[in-house]
Amino acid sequence: MPEAPSALSDDGSFDENNKKLLQFFENITTNADEVQKKVLNEILSRNAGVEYLQRHGLNGKTDYETFKKIMPVVTYEDLKPDIDRIADGDRSSILCSQPISEFLTSSGTSGGERKLMPTVEEELGRRSLLYSLLMPVMDQFVPDLHKGKGMYFLFIKSEAKTPGGLLARPVLTSYYKSSYFKKRPYDPYTNYTSPNETILCLDSYQSMYSQILCGLCQNTQVLRVGAVFASGFIRAIRFLEKHWPILCNDIKTGSLNPQITDPEVREAVLKILKPNPKLAEFIATECSKESWKGIIPRLWPNTKYVDVIVTGTMSQYIPTLNYYGNDLPLVCTMYASSECYFGINLNPLCKPSEVAYTLIPTMGYFEFLPVAREDEGPEKGNTYDKSDLVDLVDVELGHEYELVVTTYAGLYRYRVGDILKVAGFKNKAPQFHFVCRKNVALSIDSDKTDEVELHEAVVKASIHLLPFEASLTEYTSFADTSAIPGHYVLYWEINKSSETIIPTTVFQDCCLTIEESLNSVYRQCRVSDKSIGPLEIKVVENGTFDKLMDYAISNGASINQYKAPRCVKYAPIIELLNSRVIANYFSPKCPNWVPGHKQWCST
């Protein structure tokens, strides 16, 4: 197997370092099939004696054919009893021969439950390798990034301990608190305006305030800005909108606001913060202007791109990012999860709709389960089992698959729940569009509406608001089955730039537009079967989705990982949303539906 460069130069030889890493990537993608089989063999050889593999009859065998024949494809629920044993303190080799070093928690924002993903110490090295590939790729498109800094809003979350004493924390918290991050050698990609102390501060207000302050103080050095998700970056800009007067005062006087009480943060920030009345006046002038259009390049004039995830439902933030960024390129660099880090975007300046991630064959062993989406007619009823799984190099262009992963840390043929579409190939390694999360959907009867379909319908409906100088800030949905028939409920937070009243009929048109945009199964259930009631939009107070995020964070979600859930089922979240409803509207009539697709309603 091609070896990753082990000792990259830290003396400023960026071109040489980049060449080594790009050549490594070229090698592993050219030999993707061979690399994948060696990865699987290595995983099975290391873990040959673990209880889980023995239980399923592998009996120490490490060959590809036996693994394919014997090992089942599983979900989190299948593994939960073993994970619970580890969490409770069982240190025997249950899933992995290496000691489980900690659990990585999934975001868990849709259903209220946070999954625990086992990991081992060496996984930090694999994640670090993926990060090290980002700058060589970016340098091909945006040269001289090493001559400036990145203003990234990065955060950690407090840790929990399982009954058996293992840490349970988000994957980025794990990485940021590791020596790989805290004691990292100089790397232009991780040369941030934010000192480590501000990133590692548990108080989200102090962390956000100090990171923005440091970014403003170094505004001319900033060449790129970003966060993990688009929503997190926009939250930072809105924080700036609210707090720029006191931030300017700090910059003017060179003294740090007393609300920042963390001594390590204060010490780190004060090394950067110096009295600069001219800069403070410049920032105040820009921030006090009526329009914040282009505020990013106005305050950080050398910014070349915005680095955030805008794929999937994060795409709804693209107009807002374009507004604040004055159409700066939106860059999605990598694809990762709590289960495994997967791949990188080799064409980072592409349009958000064209983002495709090349999976890195050394990160884990990847398989792909064909899926048939709801709009594929009778074929949607197809069921697939493990015999249908295909290898990394055998996926077909244009087809959609659910990602299945086997990891060094003890996941075997685990269904990640991500639906990917093959967009192309880098040598022998496929490139994937992220389509959606599987089963993040609304369903009342035989209907199934996934988040992509819902998002497209909401975007189309929200156009009705534009003539009234209003726009949709955020939304989520809920399948309300408290009455018969049940119905879809959408919670909308709306931003208005004028006092113009939006007529009831406009919201009714929004409801109907959404229904008209949904699949024929939904519309048949509405029109013919009468098994679904009229769709409802509930308008909530401004700031509701900030409250929703605060609630999720208070219950263990990570700022880095948090995404506004597109579908909610968790009772306390629904109660919070309902407590802030200021108006509600129903679809005035049934959507159009053409008979003749009754068979599509079969489950």
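This is a predicted model, so every value here is computed, not measured.

Novice: Looking at this model, I keep getting lost on the overall build of the protein chain. Mind explaining?
Specialist: Along the protein chain, the regular secondary structure elements total 20 helices and 22 strands. A globule of 603 residues ought to have a C-alpha radius of gyration of about 25 Å, and the protein chain, at 25 Å, matches this closely. Classification of the 603 residues of the protein chain by burial places 55% in the buried group. Restricting to contacts in the protein chain with at least 6 residues of sequence separation, those with at least 24 account for 70%. When the accessible area of the protein chain is evaluated, it comes to approximately 24700 Å², of which 50% is carbon and sulfur surface.

Novice: Help me out: how do you make sense of helix 2 (residues 32–46) in this one?
Specialist: Every α-helix winds through 3.6 residues per turn, so residues three or four apart in the chain are directed the same way. In this model helix 2 runs 21 Å from its N-terminal to its C-terminal C-alpha over 15 residues, within 8% of the 21 Å that 1.5 Å per residue would give. Among the residues of helix 2, those classed as buried are A32, V35, Q36, V39, L40, I43 and L44. Looking straight down helix 2, one finds that the buried residues subtend no more than 165° of arc, so they occupy a single side.

Novice: Explanation requested: the sheet that holds strand 12 (residues 365–370) in the structure shown.
Specialist: Two strands in a sheet stick together by hydrogen bonds in their backbones, pointing the same way (parallel) or opposite ways (antiparallel). Here 8 strands make up an open sheet; going across it, the order is 9-10-11-16-15-14-12-13 and the pairing antiparallel. With one partner strand each, in any of the chains shown, strand 9 (334–336) and strand 13 (390–391) form the two edges of the open sheet. Sheet contacts for helix 6 (residues 123–139): strand 9 and strand 10 (341–345); angle to strand 10, the most-contacted strand, approximately 0°.

Novice: Can you walk me through the packing of helix 11 (residues 230–253) against helix 13 (residues 277–287) in this structure?
Specialist: When two helices pack together, their arrangement is given by the angle between their axes and by how far apart the axes lie. At a minimum axis separation of 7 Å, helix 11 and helix 13 run at an interaxial angle of 165°. One element, helix 11, and the other, helix 13, form an angle in the roughly antiparallel class. Seen along the crossing, helix 11 lies across helix 13 with a hand that is left-handed. Along the contact surface, helix 11 presents W244, C248, I251 and K252, while helix 13 presents P277, L279, A280, I283, A284 and C287. Here the residues of the contact of helix 11 with helix 13 sort into 9 nonpolar, no polar and 1 charged.

Novice: Quick question: what am I supposed to make of the nonpolar core here?
Specialist: One recurring pattern in soluble globular proteins is that nonpolar side chains are buried together. Counting residues in each nonpolar core, the largest one holds 156 residues, and the members touching the most others are F233, I296, I344, F366 and F368. Here this core gets 11 residues from one element, more than from any other, and that element is helix 11.

Novice: Help me understand the sheet that holds strand 2 (residues 116–119), please; the structure alone is not making it clear to me.
Specialist: Taken in spatial order, the 4 strands make up an open sheet running 2-1-5-4, and their pairing is mixed. Looking at the sheet topology across the chains shown, the edges are occupied by strand 2 and strand 4 (160–161). With 3 bridges joining them, strand 1 (residues 102–105) and strand 5 (residues 167–170) adopt parallel strand pairing. Looking across to strand 5, one finds that F103 is bridged to A168. The sheet contacts of helix 5 (residues 76–87) involve strand 1 and strand 2, and relative to strand 2 the element is tilted by about 65°.

Novice: Help me understand the packing of aromatic side chains, please; the structure alone is not making it clear to me.
Specialist: Two measures describe an aromatic ring pair: the distance that separates the ring centres and the angle between the ring planes. Scanning all chains against the criterion turns up 21 aromatic pairs. With 6.3 Å between their ring centres and 65° between their planes, Y175 and Y176 make a pair best called edge-to-face. A relative accessible area of 6% means that Y175 is categorised as buried. What makes Y176 buried here is its relative accessible area of 5%. Members of the aromatic cluster, connected to one another through ring pairs, are Y131, Y152, Y175, Y176, F181, Y192 and Y341.

Novice: Explain the pairing of strand 2 to me, please; I cannot follow it from the model alone.
Specialist: Taken residue by residue, a regular strand's side chains alternate between the two faces of the sheet. Along strand 2, one buried face is formed by L116 and P118 and the opposite face, lined by M117 and T119, is buried too. When strand 1 meets strand 2, the two strands line up antiparallel, connected through 4 bridges. Considered in strand 2, the bridge of E102 is made with T119.

What counts, and where the lines are drawn
- Residues numbered from 1 in each chain as written.
- Predicted model: local features only at pLDDT ≥ 70, side-chain atom pairs only at ≥ 80, totals over all residues.
- Heavy atoms only, no water.
- Helix = DSSP H or I, 4+ residues; strand = E, 2+ residues; numbered from the N terminus.
- Rg over C-alpha atoms; globule rule 2.2 N^0.38 Å.
- Buried < 20%, exposed > 50% of the residue type's maximum accessible area, 1.4 Å probe, protein only.
- Contact = heavy atoms within 4.5 Å.
- Areas by Shrake-Rupley, 256 points an atom, 1.4 Å probe, with all protein chains shown as cover.
- Expected span 1.5 Å × (residues − 1).
- Arc of directions from axis to C-beta.
- Pairing = 2+ DSSP bridges.
- Axes fitted to C-alpha atoms, helices over the stretch in contact; angles between N-to-C directions.
- Parallel < 35°, antiparallel > 145°, perpendicular 65-115°, else oblique.
- Left-handed = near helix turned anticlockwise from the far one by under 90°.
- Nonpolar A, V, L, I, M, F, W, Y, C, P; charged D, E, K, R; others polar.
- Core = buried A, V, L, I, M, F, W, Y, C linked by side-chain atoms within 4.5 Å.
- Phe/Tyr/Trp six-rings, centres within 6.5 Å; stacked < 30°, edge-to-face > 60°.

These values are about where atoms sit, not about what they do.
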